[in-house]
Amino acid sequence: MFPIFEPSDLFNPEYYTGVRQAPEHAVTLPGWCYTSPRFYERERERIFFRYWNCIGHQSRVPVAGSYFTQEFVGVPLIVVRGEDMKIRAFVNSCPHRGSEIIDGSGTCTRLVCPYHNWAFHLDGELYATPMWEEAEAQGFKKSAHGLQQVKLELWAGLMWINFNPDSPSLLDHLGDLPERTAPWQPESLVCVARTEYPMEANWKLYLENFSDGLHVPFVHKTTLNRKYVSRRDFHDPTVNIGNYLMHYTRFEGTRGVSDGQKGFPEIDMAPEHKTGSFLPNIHANASMGFNIDSVSATEIHPLGPGRSLLVTSFMVPKSAIAIPDFDEILATYLGNSKVVRDEDVRACERQQRGLSSPIHVPGCFHPKDRLVHDYKNWILDHVIGNEAD
Ligand code: FES
Ligand SMILES: [Fe+2]
């Protein structure tokens, strides 16, 4: 009999053998994978602390000296654009005795810790330590006490961080995704909105839902479902190499606006890229939509086993901003996407409440749920039985 309540040997691979079967015979993850603090801690350590994570569009730091602070999976961060225009991320914890250095966002010329006034250049170098002459006389070297840097690289105009100093580069991580999405020229797009959506559900539920086509006629019956979908193409991981899963939903036109509403002009691309949306789910925390008229990137910020924050950047070509009724059309896109996002978030929250049953019995997969099955197995590849406990 399947264990009732979260077992003490939670990471024993035997509890997960059913998920490892072919989709038509497999079962879904046990409910505790979505509610257990211990399971969540393993995900933080083995997924979010090792993979690349998106933290938004580079326009969040538009000029030299622009900075913002934010926490990601419990790590307080400073992201700042230096005098050399390079964007860097640092842990927001002073190398002296650990104080948070700055908060909020804005522009600055240096970073000064308010506790004992150590001052750092925007590249993280420590340059002033008031009243430390005595220590300096005894061999204290400022050069050994710069800010702790976190890897930050750019792709598609988006900032991606990695806490693992030994990780592959972002481009190696993405594999062939940049090449597949090159027709959209995503690095040339302008980010025109950044929208936050809190969600009372485990982070995985949003990403599983993103890869699940079966819910569309029911959860989105008056929104997305109005657009006839002719076909869904799934990612073949033996052909397409990279740390992502994707599907291509084929339909005519754009889902950004309804029939009769005015949309943005189409991006100049070959016809094969203009039948629907290309939808990669990029490990660890991002899902993107490459549409005929825009690109969106949603960051998932896990806040604990049962809470998450979704943040979406919406990007369009520069030429779209120049059209006379740009503000009005943008408001239509954002209004429509809010309705759809609310539908998805409510669905994930209902699922979270159901999975919180301590006597939850794992479910099953429809043959078309292949990506959801792949995704659950990707989680197990990282969290269960792959390292000494
Ligand atoms: S903790 Fe920052 S200067 Fe002392
Ligand atoms: Fe949905």
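Our subject is the structure that appears above.
Residues numbered from 1 in each chain as written. Chains lettered and ligands numbered in written order. Predicted model: local features only at pLDDT ≥ 70, side-chain atom pairs only at ≥ 80, totals over all residues. Heavy atoms only, no water.

Student: How would you summarise unusual backbone geometry if you had to cite specific residues and measurements?
Tutor: For the bond from histidine 283 to alanine 284, the omega torsion is 10°, close enough to zero to count as cis. Of note, alanine 284 is situated in the loop between strand 14 (277-282) and strand 15 (286-290). In this structure, methionine 85 is a non-glycine residue whose phi angle is positive, near 70°. Residue placement: methionine 85 occurs in the loop between strand 3 (75-81) and strand 4 (87-91). Overall, methionine 85 belongs to the partly exposed group, its relative accessible area being 41%. In this structure, asparagine 117 is a non-glycine residue whose phi angle is positive, near 65°. When you line up the elements, asparagine 117 lands in the loop between strand 6 (111-112) and strand 7 (119-120). (Helix = DSSP H or I, 4+ residues; strand = E, 2+ residues; numbered from the N terminus. Buried < 20%, exposed > 50% of the residue type's maximum accessible area, 1.4 Å probe, protein only.)

Student: Now, about the pattern of salt bridges: what can you tell me, with residues and values included?
Tutor: Counting across every chain of the model gives 16 salt bridges. Here arginine 88 ties to aspartate 84 by a salt bridge, and the two come within 2.6 Å at their closest N and O atoms. On the accessibility criterion, aspartate 84 (47% relative accessible area) is partly exposed. Connected via shared salt-bridge partners are Arg231, Asp233 and Arg250. (Salt bridge = Lys/Arg side-chain N within 4 Å of Asp/Glu carboxyl O.)

Student: Describe the sheet that holds strand 8 (residues 126-128), listing the residues and the values that go with them.
Tutor: Read from one edge of the open sheet, three strands run 6-7-8, paired in antiparallel fashion. Looking at which strands have only one partner, the edges of the open sheet turn out to be strand 6 and strand 8. As judged from the two bridges shared by strand 6 and strand 7, these two strands associate in the antiparallel manner. The partner of valine 112 across the bridge, within strand 7, is alanine 119. (Pairing = 2+ DSSP bridges.)

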